[in-house]
Amino acid sequence: MATGPLANLVLFLAWVVFALYAVSILAWLVQVFVLGRDQLVTDEELAYDHEDVQVRILTIGAEAVVQATVDSIPEAVDDVHVIAERDIEIDGATVHVVPEEFECTARHKGRALEWARQTVPCAREFVLYLDEDTIVQNFQGLPDADVVQITEKPLYTGSLLAFLSETFRIGYQYEQRSFGWFTYPLYAWGGGIAIRKSLEDELTWDAETITEDTNFVWRAAQSQDLDFRVLNLKFRNQAPPSIRGMFRQRRRWFAGTQSSADLLPTRYRLLFAFRMFT
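### Some words on the side chain of glutamine 149
With respect to the element layout, glutamine 149 can be found in strand β7 (residues 147–155). Within polar-contact distance, the side chain of glutamine 149 engages the backbone nitrogen of tryptophan 189 at 2.9 Å. Excluding residues that lie within four positions of it along the chain, glutamine 149 makes contacts with Gln176, Ala188, Trp189, Gly192, Ile193, Phe228, Arg229, Val230 and Leu231.

### Details of empty space enclosed by the protein
Summed over the entire model, instances satisfying the criterion amount to one cavity of 30 Å³ or more. What lines the largest cavity is Leu58, Lys109, Leu113, Tyr129, Leu130, Asp131, Gly190, Ile193, Trp205 and Asp213. At the level of secondary structure, the elements contributing two or more residues to the lining of the largest cavity comprise α3 (109–119) and β5 (126–131). A class-by-class count of the residues in the lining of the largest cavity yields six nonpolar, one polar and three charged.

### Let's talk about the environment of methionine 246
Here methionine 246 shows up in helix α7 (residues 243–259). For methionine 246, a relative accessible area of 10% translates into the label buried. Setting aside anything within four residues of it in sequence, one finds methionine 246 in contact with Ala162, Ser165 and Pro240.

### A few points about a nonpolar patch on the surface
There is a patch of nonpolar side chains on the surface, built from Tyr21, Ile25, Leu26, Leu29, Val30, Phe33, Val34 and Phe168 and spanning about 730 Å² of accessible area. If you tally residues by element for the nonpolar patch, the top one is helix α1 (residues 5–35), at seven residues. Looking at the element boundaries, isoleucine 25 is found in helix α1. Judged by relative accessible area, which is 30%, isoleucine 25 ranks as partly exposed.

### Observations concerning the pairing of β5
Across the six residues of β5, five count as buried, placing the element largely inside the fold. Summarising the sheet, strand β2 (residues 53–58) and β5 pair through six bridges and their orientation is parallel. Directly across from valine 55, in β5, lies its bridge partner leucine 128.

### A word on the sheet that holds strand β8 (residues 193–196)
Strand order across the open sheet formed by seven strands is β4-β3-β2-β5-β8-β7-β9, with mixed pairing between neighbours. Where the open sheet ends on each side, the last strands, each with one partner, are β4 (94–97) and β9 (228–238). Averaged over neighbouring strand pairs, the angle between their axes works out to 25° when direction is ignored. Pairing geometry for β5 and β8, over four bridges, is antiparallel. Residue pairing in the sheet places tyrosine 129 in a bridge with isoleucine 193 of β8.

### Concerning the pattern of salt bridges
According to the stated counting rule, one finds 15 salt bridges in the structure shown. For glutamate 200, the salt bridge identified is with arginine 56, shortest N-O distance 4.0 Å. Of this pair, glutamate 200 sits in helix α5 (residues 197–203) while arginine 56 sits in strand β2, and the two are 144 residues apart along the sequence. A relative accessible area of 0% places glutamate 200 in the buried class.

Conventions we followed
Going along each chain's sequence as written, the residues are numbered from 1 onward. Only residues with pLDDT of 70 or above have their local features reported here, since the model is predicted, and side-chain atom pairs are shown and tallied only from 80 upward, although totals for entire chains, interfaces and linings are computed over all residues. Here the side-chain values reflect all heavy atoms present in the structure, with hydrogen atoms and water set aside. We count a stretch as a helix when DSSP gives it H or I for four or more residues in a row; a strand needs E for two or more, and each element gets its number in order from the N terminus. Two N or O atoms form a polar contact when they lie within 3.5 Å of each other; inside protein one atom must be a possible hydrogen donor and the other a possible acceptor, and for residues adjacent in sequence the pair counts only when both atoms belong to side chains. Here, two residues are considered to be in contact whenever any of their heavy atoms come within 4.5 Å of each other. With a 1 Å grid laid over protein atoms only, a set of points is called a cavity when a 1.4 Å probe fits there but cannot get out and a pocket when it is open yet has protein on both sides within 12 Å along at least five of seven lines; lining residues have an atom within 4 Å of a point. Grid points are joined across faces, edges and corners, and a volume is the space filled by probe spheres set on the points. Throughout this entry, Asp, Glu, Lys and Arg are counted as charged residues, while Ala, Val, Leu, Ile, Met, Phe, Trp, Tyr, Cys and Pro are counted as nonpolar. The remaining residues, Gly among them, count as polar. Partly exposed residues are those whose accessible area sits between 20% and 50% of the maximum for their type, while under 20% is buried and over 50% is exposed, using a 1.4 Å probe and protein chains only. Each patch is built from residues that are more than 30% exposed by relative accessible area and take part in no salt bridge. Like charges join if they lie within 9 Å; nonpolar side chains (Val, Leu, Ile, Met, Phe, Trp, Tyr) join within 5 Å. In short, Shrake-Rupley with a 1.4 Å probe defines the accessible areas, and a residue's cover is counted only from the protein chains shown. The salt bridge definition used is simple: a Lys or Arg side-chain nitrogen within 4 Å of an Asp or Glu carboxyl oxygen. Two strands are said to pair when DSSP picks up at least two bridges between them. The axes used here are C-alpha line fits, helices contributing only the stretch in contact, and every angle between their N-to-C directions lies in the interval 0 to 180 degrees.

Now the structure itself:
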């Protein structure tokens, strides 16, 4: 067996990684089975139905993918809008193209969200945001909350390793059921998130960030006593098509959340930094 300074260093680093991951697993178990107990929304808690929801789907211009998303939305939801970067034809939804001349502080997806907030009429209580590849399942309504996060489940898109990694990540998202217990939810994802329209208009999407969903809920928690709930419907979203694509996605998430971390109190920054590092 090899010995010496290098072997000792490797062994030490291995134990550090093991210890960090063990603590992470323990924290996850506490979040899911202690803090998250009885936190999921039940059918009896649904206070708003289909007619209280406007759906907005964000896309650059993936026509076939968006059409599948629109087709999955229950017929009772009759206020469906597609926010696109170029003109596309979609049956069952109104398509809006973000004009090139529109300017605001937000960039990329956040810019489209802010343009839609300012431009697309909405008389409904909630706006339900979907990604272009979100397949809606079992949607019956929403609870009386400020922000409702809907759980997800990946779809296989060609890379088995990326699909399995995404399945593992989403399994880890069981911790979201405890986020209503925290003052600041640790993150949010936009492939299935419903936001009370009055809250959206109060905060807006006009902030410079590349993780606009998490940034929004952190700003909401900073400004008020945020009521964040989780609805366990498991909307389907495509897994990254490759490991390279998955790493690019994760790198963007990491950079975006790190750049918004100044919104968090110190104790949450420490928790978040430990979680991201692990």
